[in-house]
Amino acid sequence: MSYRCNLIIDSCCDLPSHIVSREGVELIRFPYFFDQEEFHDDLWQSGDPSSFYDRMRNGEQPTTAQVPIPVFEDVFGRAIASGVPTVYLSFSSALSGSYDAAILVRDRLLAENPSSELYVVDTHLASSGEGLLVFEALRQQERGLSALELAEWAEEAQYFVNIYFMVEDLESLRRGGRIPSSVAFAGSKLDVKPLLYVAADGSLSVKGIARGRKKGLKQLASLYEERADRSAESYAVTGTADCPEDVQKLEEYIANAGCEPLLVEGAIGPVVGCHVGPGMVALAFWGQDRRTDISVADRIARKVKGSE
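Residues numbered from 1 in each chain as written. Predicted model: local features only at pLDDT ≥ 70, side-chain atom pairs only at ≥ 80, totals over all residues. Heavy atoms only, no water.

A. Structural context of the sheet that holds strand β6 (residues 86-90). The four strands are arranged β2-β1-β6-β7 in an open sheet whose pairing can be described as parallel. Each edge of the open sheet carries a strand with a single partner, namely β2 (25-28) and β7 (118-122). Taken over all neighbouring pairs, the strand axes of this sheet differ in orientation by 20 degrees on average, direction set aside. As paired strands, β6 and β7 are joined by five bridges and run parallel to one another. Each residue of the ladder has a partner; that of L89, found in β7, is V121. Contacting β1 (6-10), β2, β6 and β7, helix α3 (residues 69-82) crosses the sheet at an angle of about 170 degrees to β2. Sheet strands touched by helix α5 (residues 127-142): β1, β2 and β6. Its angle to β1, the strand with the most contacts, is close to 170 degrees. (Pairing = 2+ DSSP bridges. Helix = DSSP H or I, 4+ residues; strand = E, 2+ residues; numbered from the N terminus. Axes fitted to C-alpha atoms, helices over the stretch in contact; angles between N-to-C directions. Contact = heavy atoms within 4.5 Å.)

What follows is the structure in structure tokens.
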């Protein structure tokens, strides 16, 4: 099947590989490392979540890196050579330098090929949230959107993807520099399960805490009930870092509340998993505009900045 445009996605979308392994879609694989040994996140096609997360449970601390520039040069170069207009949906720039690298390569290649169409979209999303945007982008690709239309759609649609997740603790996020040490320290002392979300700028923010995993899962279900768009064909994506039984409970809580989204179940990949650790449960759904989720203090700051 041929489309009006092709899609490039990356492995931080954490979708099942069978969903994205299709004509007109290319996957960029983020690298990760155990000590000096390099691996590539391929959506669990060459490994399994339990083995990866067991290594973390046993004390190993994997690391990640941004996508190397030669990878972008290869993938983008082939996209331009194909003559098919293409859109790349990128992992949040607030969490990785890969987006900036992609922009550098795109600008250079388009300067050399000014008649080509190659769009790079910062999704400001990660993991299951990025996965939900990619999943719908695939549907929009099938419906015949052009590359420009799909890029413009993604630029706006991203803000209506709500993603919330619970982690076992905040240590992995602290070690990777994704949250302040003071926040992680407070969480460890309180012995609670932190609930986080991806803000409109693509950064991670703390939503609240839960005293125990069961309460945390119920809070995730309540957030869906409160914020979700429950129109026809309302999709949601769940993700788990090797705790599938918790996702099953979460889905039960959502159903018990009278909500019946069409669920896509994913497994948190090794690149995101390096920073959240085993035990993460994520829920992404279409809902309220994330741009409205700013504090009063931030609204005042924006007003002041705008008046300068």
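B. Region of interest: the nonpolar core. Core analysis: the biggest nonpolar cluster contains 75 residues, and F72 and F76 have the highest contact counts within it. Not counting chain neighbours up to four residues away, the residues in contact with F76 comprise I8, Y88, A102, V105, R106, L109, L118 and V120. L195, L220, Y224 and L283 belong to the second-largest nonpolar core, a separate cluster that totals 21 residues. (Core = buried A, V, L, I, M, F, W, Y, C linked by side-chain atoms within 4.5 Å. Buried < 20%, exposed > 50% of the residue type's maximum accessible area, 1.4 Å probe, protein only.)

C. Inspection of the pattern of salt bridges at higher detail. For the coordinates displayed, the defined rule picks out 18 salt bridges. Across the pair E112 and R108 runs a salt bridge, and its minimum N-O distance is 3.8 Å. Here the residue E112 and the residue R108 both occupy positions in helix α4 (residues 98-112), the gap between them amounting to four residues, near one helical turn. Among the salt bridges present, the one from R213 reaches E168, with a minimum N-O distance of 2.7 Å. Placement of R213 in helix α9 (residues 213-227) and of E168 in the loop between β8 (161-166) and α7 (171-175) is noted, with a sequence separation of 45 residues between them. (Salt bridge = Lys/Arg side-chain N within 4 Å of Asp/Glu carboxyl O.)

D. A look at the side chain of R213. Taking relative accessible area as the criterion, R213 reaches 19% and is therefore assigned buried. Once residues lying within four places of it in the same chain are set aside, the contact partners of R213 are M166, E168, K193, C243, D246, G279 and V281.

E. Quick look at the pairing of β7. Taken across its five residues, β7 has four buried, putting it largely inside the fold. Handedness of the crossover is the feature at issue here: the chain leaves β6, passes through α4, returns alongside β7, and the resulting connection is right-handed. (Right-handed = clockwise from strand over helix to strand, strands pointing away.)

F. View of unusual backbone geometry. Phi is positive for H124, which is not a glycine, with a value near 55 degrees. We note that D242 has phi near 65 degrees; this positive angle belongs to a residue other than glycine. In this fold, D242 is placed in the loop between β11 (235-240) and α10 (244-256). Take D242: its relative accessible area is 18%, and that puts it in the buried class.

G. Region of the structure containing the sheet that holds strand β10 (residues 204-210). Here six strands make up an open sheet; going across it, the order is β10-β9-β8-β13-β11-β12 and the pairing mixed. Sheet topology places β10 and β12 (262-267) at the edges, where each strand pairs with a single neighbour. The mean inter-strand angle of the sheet, taken between neighbouring strand axes irrespective of direction, is 20 degrees. Pairing of strand β9 (residues 193-198) with β10 involves six bridges; the strand directions are antiparallel. Counterpart to K193 in the pairing with β10 is A210. Contacting β11, β12 and β13 (281-286), α10 runs over the sheet at an angle of about 40 degrees to β13.

H. Expanded view of the pairing of strand β3 (residues 31-34). By the bridge criterion, four bridges tie β3 to strand β4 (residues 37-40) in an arrangement that is antiparallel. Note that in β4 the partner of P31 across the bridge is H40. Hairpin connection of β3 to β4: two residues between the antiparallel strands, including D35 at a positive phi of 55 degrees. Summarising the sheet, β3 and strand β5 (residues 63-64) pair through two bridges and their orientation is antiparallel. The residue bridging Y32 from the neighbouring strand is T64, located in β5.

I. Representation of the packing of aromatic side chains in the model. Here the structure, examined in full by the defined rule, presents 17 aromatic pairs. Centroid distance F34 to F39: 6.1 Å. Interplanar angle 85 degrees. Geometry classified as edge-to-face. Residue classification places F39 among the partly exposed positions, given a relative accessible area of 23%. Counting every residue linked through ring pairs, the aromatic cluster contains Y32, F34, F39, W44, F52 and Y53. Directly above the ring of F34 sits R55, whose terminal nitrogen or CZ lies 3.8 Å from the centroid. (Phe/Tyr/Trp six-rings, centres within 6.5 Å; stacked < 30°, edge-to-face > 60°. Lys NZ or Arg CZ within 6 Å of the ring centre and 35° of its normal.)

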